[in-house]
Amino acid sequence: MTLRLSILGSTGSIGRQTLDIVAAYPDRFRIVALAARSNLDLLRQQVSAYRPELVVVGSEQDRWRIDAPTVLAGVDGLVTAATHPDADLVVIAVSGNSGLRPTLAAAQSGKRIALANKESVVCAGELLMRTARTHGAEIRPIDSEHSALWQLLALPHRRAELARVTITASGGPFRTLTPDQLESVTPAAALAHPTWRMGPKVTIDSATLMNKGLELIEAHWLFGLPYQLLDVVIHPQSIVHALVTFRDGSTIAQAAYPDMRLPIQYALFYPDRVPGSVPLLDLTAVGRLEFYQPDCERFPALQLAREAGLRGGTYPTVLSAADEVAVEAFLAHQLRFTEIVPVVRTVLERHQPIGGSLCLEAILEADDWARSATREVIARRQAVHG
Ligand code: MG
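Engineer: Even after reading the chapter, I still don't get the side chain of Thr166, so can you show me in this structure?
Structural biologist: Position of Thr166 relative to the elements: it lies in strand β8 (residues 162-169). The residues touching Thr166, leaving out its near neighbours within four places in the chain, are Asp231, Val232, Val233, His241, Ala242 and Leu243.

As structure tokens, then:
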């Protein structure tokens, strides 16, 4: 059977790896829509290789540069791609809050969604899961930890039997640095992740552990798990991605080499498992698996994210948006590495929350507020510190 795909964010890291898998199994997939914001050269190559009916670009002036039956631009275009009637599976791999509207629209259309966009789960988790339930949409996580949890939680069990659900974090490149050393970390050093190859935002988030904090919030919504059950351990080898512990003392772990193609492939082929680009795990070659408690003093992002998740409402949106702005400022040498999380904390403290069930407008409004509040906090710091 051929699965017809709509891929949003086709030129990013996840989008490119998705197309690698499609290329490896050409008779299993057909591409109906591709969307990319700015890498027009690569998008053009993808369009000529896969001949989609619909292509979505970032801005109106780029529309004429693409040769396809239909070319649209912007978020409305993304929504059209996400709800395309011919698409059997929508891969949402756009980064940032531009994923919110298309993901919700896909859920509203009852689509099968392979979801790599963190923001839509972090910011709109309750709304997204409710919409998916109402319209019979299916969400398949594309992320090593949530893919692992998806597999582990499919094991027969009753919810009351779950004692602990653990996701692992590599700890990033600065796991062993002293507080002084962390102060002077450069963007270039932060972008060199030891075990994962990813986009710049998620790589910096891995170094601060904010990525893991956002993933805690995602796990809460995707699998309906209370925060008290959710735990994070540092595991520098990134071989074990998640563990589920039952009340009888039995723990089951999911393990694989760190390669994003595995969770992508699992989401594309589910429930089938196909031989892929990831070699079979040889634990004797890996040799050593280490696990540590995260150091909350040097890496306060995890606790901050947990607090924002527990507070709920618009707090996770503010956390995510403030972090995005702060990471950009760090990459632009406007903020120290160790200032990223304190800036996010300051913005969270200033936030006037909207609680309860959220609509998309409230989420976008909180997102907007958080971005300008973060810019303000950063500008004030620069004025003080020069
Ligand atoms: Mg992850």
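Engineer: Sorry if this is basic, but what is going on with the coordination of the magnesium ion here?
Structural biologist: For a metal bound by four donors in a tetrahedral arrangement, the ideal donor-metal-donor angle is 109.5 degrees, while six donors in an octahedral arrangement ideally sit at 90 or 180 degrees. Bound to the magnesium ion are the protein donor atoms Asp143 (OD), Glu145 (OE) and Glu215 (OE), situated 2.1 to 2.2 Å from the metal. One chain supplies every donor to the magnesium ion, and in sequence these donors are spaced D-x1-E-x69-E. Note that Glu145 is positioned in helix α6 (residues 144-153) and Glu215 in helix α10 (residues 210-223), a separation of 70 residues in sequence. As far as the burial class goes, Glu145 and Glu215 line up, both buried.

Engineer: What is the right way to look at the pattern of salt bridges in this model?
Structural biologist: The full count for this structure, using the stated rule, is 23 salt bridges. In this structure, Glu324 engages Arg371 in a salt bridge whose closest nitrogen and oxygen atoms are separated by 3.4 Å. Highlighted residues: Glu324 in helix α14 (residues 315-331) and Arg371 in helix α16 (residues 360-385), separated in sequence by 47 residues. Judged on exposure class, the residue Glu324 and its partner Arg371 are both buried. Salt bridges sharing partners connect three or more residues here, namely Lys118, Asp143, Glu145, Lys212 and Glu215.

Engineer: Where do I start with the sheet that holds strand β10 (residues 240-246) in this structure?
Structural biologist: Strand pairing in a sheet relies on backbone hydrogen bonds, with the paired strands running either antiparallel or parallel. Across the sheet, four strands lie side by side as β9-β8-β10-β11; this open sheet has mixed pairing. Strands at the two margins of the open sheet, each flanked by one partner only, are β9 (230-234) and β11 (251-255). Put simply, the sheet's adjacent strands are angled 20° from each other on average, direction ignored. Alignment of β8 against β10, held across five bridges, turns out to be antiparallel. Residue pairing in the sheet places Thr166 in a bridge with Leu243 of β10. Contacting β8, β10 and β11, α6 runs over the sheet at an angle of about 35° to β10.

Engineer: Before we go on, may I ask you to explain the nonpolar core in this structure?
Structural biologist: In globular proteins that are soluble, nonpolar side chains generally tend to be buried together. Among the nonpolar cores identified, the biggest contains 95 residues, and Leu149 and Leu319 are the most heavily contacted of them. Take this core: its biggest share by element is 10 residues, from α14. Those residues in contact with Leu149 that lie beyond four places of it in its chain are Val165, Ile167, Ala219, Phe223, Ala242 and Val244. One finds Leu5, Ile14, Leu34 and Leu43 within the second-largest nonpolar core, a separate group that totals 33 residues.

Engineer: Which parts of the structure should I look at to understand the packing of aromatic side chains?
Structural biologist: Following the criterion strictly, the structure yields seven aromatic pairs and no others. Ring geometry for Phe174 and Phe337: centres 5.1 Å apart, planes at 80°, overall edge-to-face. Taken as a pair, Phe174 in the loop between β8 and α7 (179-183) and Phe337 in the loop between α14 and α15 (340-350) lie far apart in primary sequence, 163 residues in all. Taking relative accessible area as the criterion, Phe174 reaches 5% and is therefore assigned buried. Given a relative accessible area of 5%, Phe337 falls into the buried group.

Engineer: Just to check I follow, could you spell out unusual backbone geometry for this structure?
Structural biologist: Keep in mind that most residues, glycine aside, have a negative phi and that most peptide bonds are trans. Backbone torsion omega between Tyr270 and Pro271 reads 5°, so that peptide bond is classified as cis. Following the sequence through the fold, Pro271 ends up in the loop between α11 (261-269) and α12 (283-286). A positive phi angle, near 60°, is found at His333, a position not held by glycine. For His333, a relative accessible area of 64% corresponds to the exposed category.

Engineer: Looking at this structure, I do not really get the sheet that holds strand β7 (residues 138-141). What am I missing?
Structural biologist: Strand order in this open sheet of seven strands is β4-β3-β2-β1-β5-β6-β7, and the pairing throughout is parallel. The sheet is open, and its two borders are formed by β4 (70-73) and β7, each paired with just one other strand. The sheet shows a mean angle of 25° between the axes of neighbouring strands, direction not considered. Relative to β4, strand β3 (residues 54-57) runs parallel, the two sharing four bridges. Considered in β4, the bridge of Val57 is made with Ala73. Each of β1 (3-8), β5 (89-92) and β6 (112-115) is contacted by helix α4 (residues 100-108), which is oriented at about 150° to β6, the strand it contacts most.

Engineer: So what exactly am I meant to see when it comes to the packing of helix α13 (residues 301-311) against α14 here?
Structural biologist: The packing of two helices is summarised by the inter-axis angle and the distance between the axes. Here α13 crosses α14 at 145°, and the two axes come no closer than 7 Å. Counted together, Leu304, Ala305, Ala308, Gly309 and Arg311 of α13 and Tyr315, Pro316 and Leu319 of α14 form the full contact between these two elements. Split into classes, the residues belonging to the contact of α13 with α14 amount to six nonpolar, one polar and one charged.

Engineer: Explain α15 to me, please; I cannot follow it from the model alone.
Structural biologist: Within an α-helix, residues lying three or four positions from one another point in the same direction, as the helix has 3.6 residues per turn. Among all positions of α15, only Ile340, Val341, Val343, Val344, Val347 and Leu348 are buried. Looking straight down α15, one finds its buried side chains confined to an arc of 160°; they lie on one side. On its buried side, α15 packs onto α9 (200-208), α10, α13, α14 and α16.

Conventions used here
- Residues numbered from 1 in each chain as written.
- Predicted model: local features only at pLDDT ≥ 70, side-chain atom pairs only at ≥ 80, totals over all residues.
- Heavy atoms only, no water.
- Helix = DSSP H or I, 4+ residues; strand = E, 2+ residues; numbered from the N terminus.
- Contact = heavy atoms within 4.5 Å.
- Donors = N, O, S within 2.8 Å, 3.2 Å for Na, K, Ca; no water.
- Buried < 20%, exposed > 50% of the residue type's maximum accessible area, 1.4 Å probe, protein only.
- Salt bridge = Lys/Arg side-chain N within 4 Å of Asp/Glu carboxyl O.
- Pairing = 2+ DSSP bridges.
- Axes fitted to C-alpha atoms, helices over the stretch in contact; angles between N-to-C directions.
- Core = buried A, V, L, I, M, F, W, Y, C linked by side-chain atoms within 4.5 Å.
- Phe/Tyr/Trp six-rings, centres within 6.5 Å; stacked < 30°, edge-to-face > 60°.
- Nonpolar A, V, L, I, M, F, W, Y, C, P; charged D, E, K, R; others polar.
- Arc of directions from axis to C-beta.

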